[in-house]
Amino acid sequence: MSFQPHTVIEPFRIKMVEPIRHISQAERAAALAAAGYNLFLLKAEDVLIDLLTDSGTGAMSSAQWGGMLQGDESYAGARSFFRFESAVKDITGLKHVIPTHQGRAAERILFGSCLAEGDVVPNNTHFDTTRANVEFRGATALDIPVPEALQPQLVRPFKGNIDLDALDEALTRHAGHVPLAMITVTNNSGGGQPVSMANIRAAHDICLRHAVPLFLDACRFAENAWFIKMREEGYADKSPFEIAREMFSYVDGCTMSAKKDGLANIGGFLALNDDALARKCKDLLILTEGFPTYGGLAGYDLEAIAAGLHEVLDEDYLHYRIRSVQYLGEKMTAAGIPIVLPTGGHAIYIDARAMLPHIPQSEYPAWALSLVLYLVGGVRSVEIGSVMFGRQPDGTEKPASMELVRLAFPRRVYTQSHVDYLAEVLLYVNRIKASIRGVRIAESPDTLRHFSVRMLPAHGALCEE
Ligand code: F0G
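Fair warning: this is a prediction, and the values are worked out from it, not measured in the lab. (Residues numbered from 1 in each chain as written. Predicted model: local features only at pLDDT ≥ 70, side-chain atom pairs only at ≥ 80, totals over all residues. Heavy atoms only, no water.)

When you look at the site of the ligand in this model, what are you seeing that I'm missing?
For the ligand, the set of nearby residues contains 17 residues, the closest of which are Thr53, Arg104, Asp217, Ser257 and Lys260. Contact distances for the ligand include 2.7 Å between an oxygen atom and a side-chain N or O atom of Thr53. The contact in question runs from a nitrogen atom of the ligand to an N or O atom on the side chain of Lys260, over 3.0 Å. For the ligand, whose accessible area on its own is 470 Å², the fraction buried by protein is 93%. In terms of residues, the shell around the ligand owes the most to one element, helix H4 (residues 103-114), which gives 3 residues. Grouping the amino acids of the shell around the ligand by side-chain chemistry returns 2 nonpolar, 8 polar and 7 charged. (Near = heavy atom within 4 Å. Polar contact = N/O pair within 3.5 Å; in protein donor to acceptor, adjacent residues only side chain to side chain. Areas by Shrake-Rupley, 256 points an atom, 1.4 Å probe, with all protein chains shown as cover. Helix = DSSP H or I, 4+ residues; strand = E, 2+ residues; numbered from the N terminus. Nonpolar A, V, L, I, M, F, W, Y, C, P; charged D, E, K, R; others polar.)

Here's what the structure looks like:
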């Protein structure tokens, strides 16, 4: 007998629960109005399914919580640091491991130690904090994804790849002004798409030829390893751990937000091989984050990350994780909802411009759609469109290249019935899409406006009756 089940189950059982609360549609409408039609300004308690981000929102395991009780809170040389360091070295093989309170702190310390005004940093696509930290140094953040990354509906296995010709060209053109190149795995801003091993290896060869160090933004390294296992020839029989090791073998360092594939609620690190640069980074770390054996984290956080980095490479976990996102994506595609294809690792991105062609970009279709998802089903998502990116540094307005709504999945938090519920909400909203109306800005700060902007329905209501 060989029973081959089709159902992919959550590879865990639930030992601790946190209630979530249904509130009525009228209460949600009132909450939206009070929040200035900005989902960031809602009380999380008023949200039923929270897909704002997959960052720091995951559930930790009993092993992680158990490890936390053993946290060594010594200021210097804590046992927990050595456990953390050994977990990071085990997976990355990198020589120096510097803990930070989250990913952007690792970015700030790295760029603060090696970038000067006028420098250029090529990357498949910079995440927004990465870009901001590069620009804060007076350097240029150069996004060079492969061209297919910009075609949402096109199905290709590795749409996260960096454009190798563009990389070679950038390193030649800006020779002497590129202190490092980066590859973001998976490519969050480009739809959570993976990068192939062949692409990382080839980028490594190009960088080596130009004597430029290559770094990974490794936030979702385990999800990327899983996609390589599933999609790239020669990797089907390798473990996610072996694949991750190989990915890191081609780079000189990495920045990491442990709030993603560290399965922790807070934390991150910077790891690198260069002795002199590591010393500079540690000096800067002491100034703002803390002593190099804790870097702004508690000993118990280091324990949680040390355990999480290995748990995240578990095949059953990765299978369930990627499959549950894909499962929702399939239901949406079958219903004709346009999404970025193929589905990525941590999130689904709805193409709001394609779904709501009757709403002009000047009325923020993705923002409007995200509000209606909350109003109808208590689902919180995030707009990645013209509210987030439309305001230019000189104060003018320029529509974003895409109007997306991102549904990002916290790790190990929601079950299949939550996903089925989500599908119902999304399919219902798709049926009433012609009634959805645009929004306008009522009151806006000058920078990073999406976090605090106050909006209003542009035509009296979010949906026409
Ligand atoms: N790099 C990538 C690719 C990210 O997705 C993030 C965070 C960071 C760096 C920064 O890490 O938040 O720990 O400082 N992404 C979150 C998101 C916030 O919602 O996508 P952090």
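Is there a simple way to explain the domain arrangement of the chain in this structure?
Quite often, the size of an interface is put as the accessible area lost when its parts meet. As assigned here, the chain comprises domain 1 (25-54 + 314-457) and domain 2 (62-311). For domain 1 and domain 2, the distance between their C-alpha centres works out to 27 Å. Note on domain 1 versus domain 2: buried area summed over both sides is about 2300 Å², and carbon and sulfur give 55% of it. At the surface where domain 1 touches domain 2, the tally comes to 6 salt bridges. (Domains from an automatic or database assignment. Buried area = accessible area lost by both parts, 1.4 Å probe. Salt bridge = Lys/Arg side-chain N within 4 Å of Asp/Glu carboxyl O.)

Explain the state of the cysteines to me, please; I cannot follow it from the model alone.
Linking two cysteines covalently through their sulfur atoms gives a disulfide. Under the definition given, this model contains 0 disulfides. You can see Cys254 has no disulfide; the closest cysteine sulfur is in Cys219, sitting 9.5 Å from it. The cysteine Cys281 is free of any disulfide, with Cys114 supplying the nearest cysteine sulfur at 7.0 Å. (Disulfide = S-S within 2.5 Å.)

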